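# Breakdown of the fold
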Amino acid sequence: GGGWVGHIGSALLCGAFFALRFKVMGAVGDAEADQVWGFGEYLSAQPLALLLYLQMALVPVGLSLDHAVDPRVYLLEPHGYIIYVILPSVILVFGAALVLLAARRLGPA
């Protein structure tokens with residue numbers, strides 16, 4: 001397999017997109033909004049956004065696509081428990097199950 005080398009094209013395309021967006025709009029994040037986030041703030045919100053989309057696929061409650069993703073707000077919401085406790089627990093359990101399954105299939109080294 002090509003390993004990480006096969007992802008170079010995707011990384012370059014992603015970098016070109018962000019560079020063009022910054023050049024044209026002057027920002028990387030939601031430049032159309034009243035408040036423009038800096039690159040660090042925008043980047044730090046992405047893991048939560050991914051968890052929220054995963055949560056929406058499994059349990060579709062508590063997110064409107066018309067609202068910004070602000071981690072401080074979700075800590076106080078009741079459905080924040082799903083995002084910060086249940087969803088990561090499910091991911092860890094499935095990940096551990098996959099590791100154990102792979103270990104059994106490979107057998108002793």
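Keep in mind that this is a model prediction, so the values were computed, not measured. (Residues numbered from 1 in each chain as written. Predicted model: local features only at pLDDT ≥ 70, side-chain atom pairs only at ≥ 80, totals over all residues. Heavy atoms only, no water.)

### A word on the overall build of the protein
Cut-off, in case you're wondering: We count a stretch as a helix when DSSP gives it H or I for four or more residues in a row; a strand needs E for two or more, and each element gets its number in order from the N terminus. The classification of residues rests on relative accessible area computed with a 1.4 Å probe and restricted to protein chains. Under 20% of the type maximum is buried, over 50% is exposed, and intermediate values are partly exposed. The method behind every accessible area is Shrake-Rupley, applied with a 1.4 Å probe, and residues are considered shielded solely by the protein chains displayed.
Regarding its fold elements, the protein presents 4 helices and 0 strands. Put simply, the protein runs from its N terminus to its C terminus through helices and strands in the order α-α-α-α. Residues counted as buried form 16% of the 109 residues belonging to the protein. For the protein, the exposed area adds up to about 8,600 Å²; of that, 70% sits on carbon and sulfur atoms.

### A few points about helix α1 (residues 8–25)
The criterion, for reference: Each residue after the first adds 1.5 Å to the expected span of a helix.
Here α1 spans 25 Å end to end across 18 residues, near enough to the 26 Å set by a 1.5 Å rise per residue. Immediately downstream of α1, the backbone of G26 shows phi near 80 degrees, a positive value.

### Some points on helix α2 (residues 39–58)
Test applied: To get the bend at any residue, fit one axis to the seven residues that end at it and another to the seven that begin at it, then take the angle between the two axes.
In this model α2 runs 29 Å from its N-terminal to its C-terminal C-alpha over 20 residues, within 8% of the 28 Å that 1.5 Å per residue would give. Along α2, the largest kink reaches about 30 degrees and is centred on Q46; proline P47 follows within four residues of it.

### Some remarks on the packing of aromatic side chains
Think of a pair of aromatic rings as described by two things: how far the centres are apart, and how the planes are tilted against each other in angle. We apply this condition: Note on aromatic contacts: the rings of Phe and Tyr and the six-membered ring of Trp form a pair at centre separations within 6.5 Å, being stacked when their planes are under 30 degrees apart, edge-to-face when over 60 apart, and tilted otherwise.
Throughout the structure, instances matching the rule amount to 1 aromatic pair. Taking the centre distance of 5.3 Å and the plane angle of 65 degrees together, the rings of F17 and F18 count as edge-to-face. The exposure class assigned to F17 is partly exposed, which follows from its relative accessible area of 47%.

### Let's talk about the confidence of the model for the protein
This is how it is decided: The pLDDT value tells you how sure the predictor is about a given residue, anywhere from 0 up to 100.
Considering every residue of the protein, the mean pLDDT works out to 76; 67% of them sit at 70 or more. The least confident element of the protein, judged by mean pLDDT, is helix α3 (residues 71–76) at 63; the most confident is α1 at 86.

### Re a nonpolar patch on the surface
Condition: Exposure above 30% relative accessible area and the lack of any salt bridge qualify a residue for a patch; like charges then connect within 9 Å, and the nonpolar side chains Val, Leu, Ile, Met, Phe, Trp and Tyr within 5 Å. Counted as salt bridges are all cases of a side-chain nitrogen of Lys or Arg within 4 Å of a carboxyl oxygen of Asp or Glu.
The grouping of Y84, V85, I86, V90 and F94 at the surface amounts to a nonpolar patch, some 410 Å² of accessible area in total. Residue position: F94 is located in helix α4 (residues 80–106).

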